[in-house]
Amino acid sequence: MMYRPKKTKGYITKSATAASMRGILFYKCDFTADDQIPNCVYLGRPSHPSSATEEIKCEVVFRECNLGKHIKKDGWTKSTSNGVEFLPENERMFEYKNAGPGSSPERRQILDADAANYTVSAFLYGWVPEVIEVK
């Protein structure tokens, strides 16, 4: 039997964010992979667990990240739960000023005017973590 590698190797996120909460922010991160596996990883897909007791509105933002060529061209993908399809364009799933071969300005972007709402401080409700240099 001949082995055929799957075209999709995985997802960076599978978010199930409550509509009243902030979700996941990746800020100035590097996403790299072996050059042998281009176009095989999605940025994420929404998740709406049937056990959720409040409204779910997934939120994931990749901001000013370096995305390697392993990131799929369409970036995000749908998911299905109990026969219901959830589309990333109906969620809070965005990018902002990413770079690298896996980035694409054609995918859903945050507007410059809204960028101040997608900062580390905004996602941590004003708490500013202490930066520690590791040598």
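Further up the page is the structure itself.
The structure presented is a predicted model; accordingly, all values stated were derived computationally and were not measured.

**Let's talk about the sheet that holds strand β5 (residues 59-63)**
One open sheet accounts for three strands, arranged β2-β5-β9; its pairing is parallel. A single partner strand is all that each edge strand has here, and the edge strands are β2 (24-27) and β9 (92-96). Strand after strand, the sheet turns through a mean of 5° between neighbouring axes, direction not considered. Bridge analysis of β2 against β5 gives four bridges, and the strand direction is parallel. Looking at the pairing, Tyr 27 lines up with Arg 63 of β5.

**Regarding the side chain of Arg 63**
Of note, Arg 63 is situated in strand β5. Judged by its relative accessible area of 11%, Arg 63 falls in the buried class. Of note is the side chain of Arg 63, whose polar atom sits 2.8 Å from the side chain of Glu 64. If sequence neighbours within four positions are ignored, Arg 63 has contacts with Leu 25, Phe 26, Tyr 27, Lys 28, Tyr 96, Asn 98, Ala 115, Tyr 118 and Thr 119.

**Re the nonpolar core**
In terms of nonpolar packing, the biggest core is built from ten residues, these being Phe 26, Phe 31, Leu 43, Val 60, Phe 62, Cys 65, Leu 67, Ile 71, Trp 76 and Met 93. In this view, Phe 26 contacts Ile 12, Thr 13, Phe 31, Val 60, Val 61, Phe 62, Arg 63 and Cys 65; residues no more than four positions away in its chain are not counted. Leu 25, Phe 94, Ile 110 and Phe 123 belong to the second largest nonpolar core, which has eight residues in total.

**Side note on the packing of aromatic side chains**
Applying the stated criterion to the full structure yields seven aromatic pairs. Ring plane angle 75° and centroid distance 5.4 Å describe the contact between Phe 26 and Phe 31, whose orientation is recorded as edge-to-face. A single burial state applies to Phe 26 and to Phe 31, both of which are buried. Arranged with centres 5.7 Å apart and planes meeting at 65°, the rings of Phe 62 and Trp 76 form a pair that is edge-to-face. Of this pair, Phe 62 sits in strand β5 while Trp 76 sits in the loop between β6 (66-67) and β7 (79-81); the two residues are 14 residues apart in sequence, bridging distant segments of the chain. As far as the burial class goes, Phe 62 and Trp 76 line up, both buried. Members of the aromatic cluster, joined through ring pairs, are Phe 26, Phe 31, Phe 62 and Trp 76. The positively charged end of Arg 45 is found above the aromatic ring belonging to Tyr 11, 4.2 Å away from the centroid.

Rules and cut-offs
- Residues numbered from 1 in each chain as written.
- Predicted model: local features only at pLDDT ≥ 70, side-chain atom pairs only at ≥ 80, totals over all residues.
- Heavy atoms only, no water.
- Pairing = 2+ DSSP bridges.
- Helix = DSSP H or I, 4+ residues; strand = E, 2+ residues; numbered from the N terminus.
- Axes fitted to C-alpha atoms, helices over the stretch in contact; angles between N-to-C directions.
- Buried < 20%, exposed > 50% of the residue type's maximum accessible area, 1.4 Å probe, protein only.
- Polar contact = N/O pair within 3.5 Å; in protein donor to acceptor, adjacent residues only side chain to side chain.
- Contact = heavy atoms within 4.5 Å.
- Core = buried A, V, L, I, M, F, W, Y, C linked by side-chain atoms within 4.5 Å.
- Phe/Tyr/Trp six-rings, centres within 6.5 Å; stacked < 30°, edge-to-face > 60°.
- Lys NZ or Arg CZ within 6 Å of the ring centre and 35° of its normal.

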